[in-house]
Amino acid sequence: MEEILKHLLSGFAISIQPLSLLMMTAGLILGLLVGILPGLGGTAGVALLLPITVFVPPEVAVIFLASIYWGALFGGVITSVLFAIPGEPWSVALLFDGYPMSKKGKTGLALSLSFFSSFYGIIIAGILFVLAAVPLSMIALRFGPPEMFAILMLAFSTFVGLGRGSALKSLWSTVFGIILTIVGLDIVTGQPRLTFGSLQMLNGFHFVPVTIGLFGIGEILIDAEEKMSVGSIRPPKIKVGLKDIKEGLLSIKTHWILTTVSSVIGFFIGILPGTGATPASFLGYGIAKQYSKTPEKYGEGCDEGILAPQSAANSAGTGALLPMITLGVPGSPTAAVLLAGLYMWGLNPGPRLFTEQPQFVWGLMSSIFLAGVIVLVICLVGTPWLSKIMNVPWGMLTPIIIVACFVGSYVMRNAMFDVWCTLIFGIIGYVFKKLNYPLAPLAVALVLGSMTERSLRQALIMGDGSFGIFFNRPISAIVLSIAIVLYLLPIFKLISKKLKERRYASV
Amino acid sequence: MKKSEIIVSIILIVVAIVVIYASVEANFHWTKWGPGAGFLSFYLGLISLLCAAGVLFLTIKDRNKDTKKEEKFFVNKEGLKVVVSISSLTFLYTIGIIYLGIYISSAALCFVFARWLGRHGWFSSIIFSILVPAITYFGLEKGLHLSLPKSFLYIKDVLPI
């Protein structure tokens, strides 16, 4: 414990450096704007700004990108409460009670409750993060290629087994993401694969242009079609007053058990790659309502209906970074972009990061707490100004985002091929979103695909071509068995549904 | 929506077959260096083929259910128009980047968007279309020394962009 505190303090020494604080604040403001704008999500926001992080040291760069992420977690709150437009998917649960409270004329209180519960969620998740990181990385140090492959399979299986929607589509997205990483020159045999004679494809698909296309351009098309033109909205004059802050704090104090439990549940959901902040927020809301003595108050603007989903969502968002740092396996698409950043900066994510780059890991962990405080202050003070972004007309905002997307993808490798990738994957992202093909497994597989292939090959070479190697070692056997169960879970669910239907029919 | 689901599933089946074929060509057998270059992609191609075929089968199977409630792929005609307009503009923008560089094509994109899709006035559209590339140039090219695609005017030494 003492050791952890010592490391955490050394992390604070990095995150309170002027450059770190500056980048953190800039990242938080950018993240808030990204969260407020319906046309751009946190994943695309982080991917877009990835290229400019090469100008700062990696420990500052990761703080900057993580701050965009935390800002986006907070940003979705404002539009959900004010206009019933969730800027991010995890803010949807806030529509149930946040918006009704705002409609009753208590906008300031609704915002204050949302901000404080988000902050609470981040802080609880930060504490759990710090406590769990070292033990988890110690276990991970014992991992060889078979264990790593098993962990990766587990990460992918959560999308199929625990994700919402069609399991077949989730599996297809995951597989397609890995196939995209295989395109190009094989580093073991030096042979081109799936390049179809194209010289440009020899370098393979870069993660950033593909992600910007899927999440940036795809989202623009979806928003434009649904006519969520932000230009048509005129935000009311709102501010979070001292009275709202006092009431918000008092409510957190009264409901501290609920908020803490939601945060803890959110954190553990966030660690699982197939889940993330959105289901955590719904689960937080559902549990709070189920165990409430006054469930009838929910949906009409009650405090608990805001505190539970918000704290769970923000805690899950922070938890998603834990497997990224300790195992090199991201818990969400945005964490996957951060992981891509780590590779770009020449770092090797995973347990060795703790010994090789302690300043990086502990700087990031300390920034969770600092960013939480700064973003809370920015939100409480700056909401009136932040909500003004909704005034920017759609006809001007969209081309700015398109230019930013294309510039962001070009500068990664100075290649027009990447610009074409952004365009094509933008259209693919639009079609997939329309047909409910999940994009999160695709993004995560895009980052983890190379590692999956590498660990599979190494493990098979270790086992002389036999798949038995995965079941001869205890950790990989257990983890892979869980992964197999998760892959088969949709089939079990289908069988049990059919049996139930048959039983009802016979009755 | 079901028609589009069927079309996309068929496209995905074709993609999977292409992946399997290319993997066989790249060698998916065991070699002296371990699994061949096409080893993983071959099996992934097979899985994706099964998934796409499964989606196709389920869509066709459920085709006759809830036909009244069936959603359309595009929200409405207006939605289709907007999506086609933005996609075409973005396509032309990409072509423009190759031949005119990023600055001139960004200015054109911003102008068309603001004037045509956003229905802003001539003056504000022109100012907007100058501001965006100018900020990009001074922020990225001058400030961060990032090199962006230039136009023929740059090659002929007429303009710095």
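That block above? That's the structure.
Scope of this entry: the structure provided in the associated data block. The shown structure was predicted, so the numbers you read here are calculated from the model rather than taken from an experiment.

Rules behind the numbers
- Residues numbered from 1 in each chain as written.
- Chains lettered and ligands numbered in written order.
- Predicted model: local features only at pLDDT ≥ 70, side-chain atom pairs only at ≥ 80, totals over all residues.
- Heavy atoms only, no water.
- Helix = DSSP H or I, 4+ residues; strand = E, 2+ residues; numbered from the N terminus.
- Rg over C-alpha atoms; globule rule 2.2 N^0.38 Å.
- Buried < 20%, exposed > 50% of the residue type's maximum accessible area, 1.4 Å probe, protein only.
- Contact = heavy atoms within 4.5 Å.
- Lys, Arg positive; Asp, Glu negative; His and termini not counted.
- Charge placed at Lys NZ, Arg CZ, Asp CG, Glu CD.
- Areas by Shrake-Rupley, 256 points an atom, 1.4 Å probe, with all protein chains shown as cover.
- Buried area = accessible area lost by both parts, 1.4 Å probe.
- Polar contact = N/O pair within 3.5 Å; in protein donor to acceptor, adjacent residues only side chain to side chain.
- Expected span 1.5 Å × (residues − 1).
- Bend = angle between axes of the 7 residues up to and from the residue.
- Core = buried A, V, L, I, M, F, W, Y, C linked by side-chain atoms within 4.5 Å.

Across its full length, chain B holds five helices and two strands. Helices and strands in chain B line up, N terminus first, as α-β-β-α-α-α-α. The C-alpha radius of gyration computed for chain B amounts to 24 Å, which surpasses the reference 15 Å derived for 161 residues by more than 25%, pointing to a less compact arrangement than a globule. Once the C-alpha set of chain B is aligned to its principal axes, its extents read approximately 60 × 55 × 25 Å. Counting only residues that meet the buried cut, chain B has 45% of its 161 residues in that class. Across chain B, the fraction of contacts at a sequence separation of at least 24, relative to all contacts at a separation of at least 6, is 53%. Between the centroid of the 16 positive side chains of chain B and the centroid of its 9 negative side chains there is a distance of 5 Å.

In this section: the overall build of chain A. Helices and strands together make up the secondary structure of chain A, namely 22 helices and two strands. Compactness check: chain A gives a C-alpha radius of gyration of 22 Å against a globular reference of 23 Å for 507 residues, within 12% of the reference. Dimensions of chain A, computed from C-alpha atoms along their principal axes, come out at roughly 70 × 65 × 55 Å. By the burial criterion, 62% of the 507 residues in chain A qualify as buried. A sequence separation of at least 24 residues applies to 78% of the contacts in chain A between residues at least 6 apart. Only carbon and sulfur atoms are counted for the fraction: they give 67% of the accessible area of chain A, which is about 19,100 Å². Between the mean site of the 32 positive side-chain charges and the mean site of the 22 negative ones, chain A shows a separation of 6 Å.

A few words now on the interface of chain A and chain B. Interface size is commonly expressed as the accessible area that is lost once the parts come together. Chain A puts 56 residues into the contact, and the matching count from chain B is 66 residues. Buried surface at the junction of chain A and chain B, summed over both partners, amounts to about 5,200 Å²; 83% is from carbon and sulfur atoms. Among the secondary structure elements, those contributing two or more residues to the side of chain A that touches chain B are helix 8 (167–182), strand 2 (192–193), helix 9 (207–225), helix 18 (394–413), helix 19 (416–434) and helix 20 (440–462) of chain A. Ranked by residues supplied to the side of chain A that touches chain B, first place goes to helix 18 of chain A with 12 residues.

Further remarks concern the environment of Thr259(A). Residues and elements named next belong to chain A. By the secondary structure assignment, Thr 259 is in helix 11 (residues 256–271). In this structure Thr 259 comes out as buried when scored by relative accessible area, which is 0%. C-alpha of Thr 259 to C-alpha of Ala 308: the two residues are 49 residues apart in sequence and 5.6 Å apart in space. When residues no more than four places from it in sequence are discounted, the contact partners of Thr 259 are Tyr 120, Ile 252, Leu 307 and Ser 311. Among the polar contacts listed, one links the side chain of Thr 259 to the backbone oxygen of His 255, at a separation of 2.7 Å.

This part covers helix 22 (residues 474–506) of chain A. In an α-helix, one full turn covers 3.6 residues, which means residues spaced three or four apart are oriented alike. Residues and elements named next belong to chain A. Taking 1.5 Å per residue as the helical rise, helix 22 with its 33 residues ought to reach 48 Å, and the 45 Å between its terminal C-alpha atoms agrees with that figure. Within helix 22, the axis deviates most sharply at Leu 488, by approximately 45°, and proline Pro 490 lies no more than four positions further along. All buried positions along helix 22 are accounted for by Ser 476, Ala 477, Val 479, Leu 480, Ala 483 and Leu 486. Lining the buried residues of helix 22 we find helix 7 (145–161) and helix 21 (469–472).

For the rest of this paragraph, the subject is the nonpolar core. Soluble globular proteins tend to pack their nonpolar side chains together in the buried interior. Residues Trp70(A), Phe115(A) and Ile86(B) are the most contacted members of the largest nonpolar core, which totals 196 residues. With residues near it in sequence (within four places) discarded, Phe115(A) still touches Phe74(A), Val77(A), Ile78(A), Val240(A), Leu376(A), Cys379(A), Leu380(A) and Thr383(A). Counting residues in each nonpolar core, the second largest holds five residues, with Ala288(A), Tyr298(A), Cys302(A) and Ala308(A) among its members.

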